[in-house]
Amino acid sequence: MSTTEDFSAYFARMEEKTGAFIEVDAAALKKAADALDKAGKMNGAGTSAQSLCALPFAVKDNIAVEGMSLSCGSKLLSPVRAPYTAAAVSKLLEAGAFPLGKTNMDEFGMGSSTDASALKKTNNPWDESRVAGGSSGGSAAAVAAGLVPFALGSDTGGSVRQPAAFCGVVGLKPTYGAVSRFGLVAYASSLDTVGILAGNTALCKSVFDVIKGKDERDQTTEGSVRYPLPAKKTLAVLAPQALEKETAAGFEKAKERFSALGYTLIEVDIPALKYAAPAYYTIATAEASANLARFDGVRYGKRSSFAENSDELVDKAREEGFGAEVKLRILLGTFVLRSGFQDRYYHRAQRIRAAIRESFEKILGSRKPEAANQNVEAAAILMPVFPCRAFGRGGGGLSAFEQKAADLYTCCANLAGLPALSFQASVEGGLPVGVQLMGRAFDEETLFALAADYEAAHPFRHPAEYKDWWK
Ligand code: GLN
């Protein structure tokens, strides 16, 4: 059997198991298989000085690739084909990489399991009875299963880092404004980022170096500010609370391993963190209710077959097109923004957001280059990603409320606009445990250096049946 057949058969089998993709481009799949057939191996992905040339990648289905699906995991948008290509994808195309397909996600990025997709289920490659995490669960599963070396996702409150942790891969939520959001379907614009899921730290860095930078089409983007790497190898460690036993064990291992690598660990407490999830859900739903108002089934999207008048046309499209979680959040968002009540919810959430940003800046130093060398205690903050490993479905799962409360460790980076990198700390009871490092704005460099140190000493493990095609 030729390598082409090997990879195609492997892809079909692993995709069948995981359900990572909403759409696979048959020609791109053949191109990927052919590249492997000629060389036997891929051109050095996984090494430090790597090029992205001829590497296939997957794209979450809320990031536009011209001509491909842009469903956002929603019935309402399932017939839509993207009319243009997102900035991050264009840059990857220029670097010679090519999109293999679009991956499954919680509808409009709202969820932590990918089970809120209206289109299909995605399973965790480590244990098919468990979720891959969310909302970028398809992208995480595709990377963890070895279907692609890397994938794009979006992270508004943890949607890249949490599925990366559940699937044992690397997940970067960049600094707000480091990567253009042009071509990303908005969920909560002040929190949304385009993120990366990759099989290893070096590849994640290579992809970030390609997609970052100023873009005229997203006015929040900035060129990156370079920080000198902190001389002291000091890590702040958040004392976590209420972690599942295995997740706590993985977190302890990460601490021990960083100590063994010569890092000094200082325990920190961030009292404002207990308000992070409520503040996040107030701000995110408020922004979502405005952003999702455009989906009316008139300009695009699925239209109802019969309506008496234009109001009914829009009502029906939204009633039939949106899933329960999306409807809940639109209602929540309009509730917190309702006139006369903004002080009680929205403005209070904004004050919590400012307090969280301040507590991080105290630990890490300010983002302003002139202040960067003052008060900088820690190179990064080591934190859990999620209180538990990949959860199961039904009785073994987490309720929708528990899932939201569990976002506290991830959503704070979005509230503060800071970069955070999640990676495999260890494997406990057959499932990966992820940890994350949060850093100063535009200082992704330090996070990559720290994770690369860890990975060199403790190479990431893979699920059974995984085959590394991308070396
Ligand atoms: N769990 C978060 C939510 O449901 C994740 C959102 C995200 O990052 N897209 O809102």
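Everything numeric here is computed off the predicted structure, so don't read it as measured data.

This part is about the nonpolar core. Across soluble globular proteins, you tend to see nonpolar side chains buried next to one another. Core analysis: the biggest nonpolar cluster contains 134 residues, and F150 and F360 have the highest contact counts within it. Counting residues per element, this core draws most heavily on helix 8 (residues 276-291), at eight residues. In this structure, F150 is in contact with L52, L55, P56, F57, A58, L92, A97, V143, L197, A198, L203 and V207, ignoring residues within four places of it in sequence. Counting residues in each nonpolar core, the second largest holds seven residues, with F386, C388, A390 and A406 among its members.

For any two aromatic rings, the description comes down to two numbers: the centre-to-centre distance and the angle of the planes. Per the counting criterion, the structure on display carries 19 aromatic pairs. Here the aromatic rings of Y84 and F182 are separated by 5.2 Å at their centres, their planes lie at 25°, and the arrangement is stacked. One end of the pair, Y84, is in the loop between strand 2 (56-60) and helix 3 (87-94); the other, F182, is in the loop between strand 7 (170-173) and strand 8 (194-198), and 98 residues separate them in sequence. In this structure Y84 comes out as partly exposed when scored by relative accessible area, which is 40%. Look at F182 and you get partly exposed, because its relative accessible area is 24%. Aromatic ring contacts, followed pair by pair, group F7, Y10, F11, F21, W469 and W470 into a single cluster. The ring of F182 is capped by R217, whose NZ or CZ atom sits 4.1 Å from the centre of that ring. Taking the ring centre of Y263 as reference, the NZ or CZ of K233 above it sits at 4.6 Å.

This part covers the side chain of T221. Relative to the helices and strands, T221 resides in the loop between helix 6 (201-211) and strand 9 (234-238). Separated by 2.7 Å, the side chain of T221 and the backbone oxygen of D218 make a polar contact.

The next subject is unusual backbone geometry. Glycine aside, negative phi is the norm for most residues, and most peptide bonds take the trans geometry. For the peptide bond that leads from G134 to S135, omega is 10°, which places it in the cis range. Mapped onto the elements, S135 comes out in the loop between strand 5 (127-131) and helix 4 (137-144). The backbone phi angle of F108 is positive, close to 55°, even though this residue is not glycine. Following the sequence through the fold, F108 ends up in the loop between strand 3 (98-103) and strand 4 (123-124). Phi is positive for A242, close to 55°, though the residue is something other than glycine. Relative to the helices and strands, A242 resides in the loop between strand 9 and helix 7 (245-260).

Our next topic: the site of the ligand. If you check the shell around the ligand, you find 15 residues, and the closest are T156, G157, S159, Y280 and D407. In this structure, G109 approaches the ligand through a main-chain N or O atom, which is 2.9 Å from a nitrogen atom. A distance of 3.4 Å separates an oxygen atom of the ligand from a polar side-chain atom of Y281. Here the shell around the ligand is built from residues that sort into four nonpolar, eight polar and three charged.

On to the sheet that holds strand 7. Whether parallel or antiparallel, the strands of a sheet pair through hydrogen bonds between backbone atoms. Strand order in the open sheet formed by eleven strands is 1-3-2-6-8-7-12-13-11-9-10, and the pairing between neighbours is mixed. Each having just a single partner strand, strand 1 (21-24) and strand 10 (264-268) make up the two edges of the open sheet. Direction aside, neighbouring strands of the sheet carry axes that sit 30° apart on average. Where strand 6 (residues 150-154) meets strand 8, five bridges bridge the pair, whose relative direction is antiparallel. Residue G153 lies in a different strand from strand 8, and its bridge partner there is G195.

Here we take up a positive patch on the surface. Positive charge collects at one region of the surface, where R338, R344, R348 and R351 lie side by side. Inspection of the secondary structure assignment puts R348 in helix 11 (residues 346-364). Given the relative accessible area of 48%, R348 is considered partly exposed.

As a further point, take the pairing of strand 11 (residues 380-384). In terms of burial, strand 11 is largely enclosed, as five of its five residues are buried. The side-chain alternation of strand 11 yields two buried faces, one formed by A380, L382 and P384 and the other by I381 and M383. As paired strands, strand 9 and strand 11 are joined by three bridges and run parallel to one another. Note on strand 11: the bridge partner recorded for A236 is I381.

Turning next to the pattern of salt bridges. This model, assessed by the stated rule, comprises 26 salt bridges. We note a salt bridge from K102 to D61, for which the minimum N-O separation is 2.9 Å. Of this pair, K102 sits in strand 3 while D61 sits in the loop between strand 2 and helix 3, and the two are 41 residues apart along the sequence. The salt bridge partner of D209 is K205, with a shortest N-O separation of 3.0 Å. Of the two residues, D209 and K205 are both situated in helix 6; the distance of four residues between them amounts to about one turn of the helix. By relative accessible area, which is 32% here, D209 ends up partly exposed. Under the relative-accessibility criterion, K205 is labelled partly exposed at 27%. Shared partners join several salt bridges into a network, and the residues in it are R13, K17, E128 and E465.

On to the environment of K245. As for its placement among the helices and strands, K245 is situated in helix 7. With relative accessibility at 66%, the residue K245 sits in the exposed group. C-alpha of K245 to C-alpha of G111: the two residues are 134 residues apart in sequence and 24 Å apart in space.

Cut-off values and rules
- Residues numbered from 1 in each chain as written.
- Predicted model: local features only at pLDDT ≥ 70, side-chain atom pairs only at ≥ 80, totals over all residues.
- Heavy atoms only, no water.
- Core = buried A, V, L, I, M, F, W, Y, C linked by side-chain atoms within 4.5 Å.
- Buried < 20%, exposed > 50% of the residue type's maximum accessible area, 1.4 Å probe, protein only.
- Helix = DSSP H or I, 4+ residues; strand = E, 2+ residues; numbered from the N terminus.
- Contact = heavy atoms within 4.5 Å.
- Phe/Tyr/Trp six-rings, centres within 6.5 Å; stacked < 30°, edge-to-face > 60°.
- Lys NZ or Arg CZ within 6 Å of the ring centre and 35° of its normal.
- Polar contact = N/O pair within 3.5 Å; in protein donor to acceptor, adjacent residues only side chain to side chain.
- Near = heavy atom within 4 Å.
- Nonpolar A, V, L, I, M, F, W, Y, C, P; charged D, E, K, R; others polar.
- Pairing = 2+ DSSP bridges.
- Axes fitted to C-alpha atoms, helices over the stretch in contact; angles between N-to-C directions.
- Patch = residues over 30% accessible without salt bridge, like charges linked within 9 Å, V, L, I, M, F, W, Y side chains within 5 Å.
- Areas by Shrake-Rupley, 256 points an atom, 1.4 Å probe, with all protein chains shown as cover.
- Salt bridge = Lys/Arg side-chain N within 4 Å of Asp/Glu carboxyl O.
- Lys, Arg positive; Asp, Glu negative; His and termini not counted.
- Charge placed at Lys NZ, Arg CZ, Asp CG, Glu CD.

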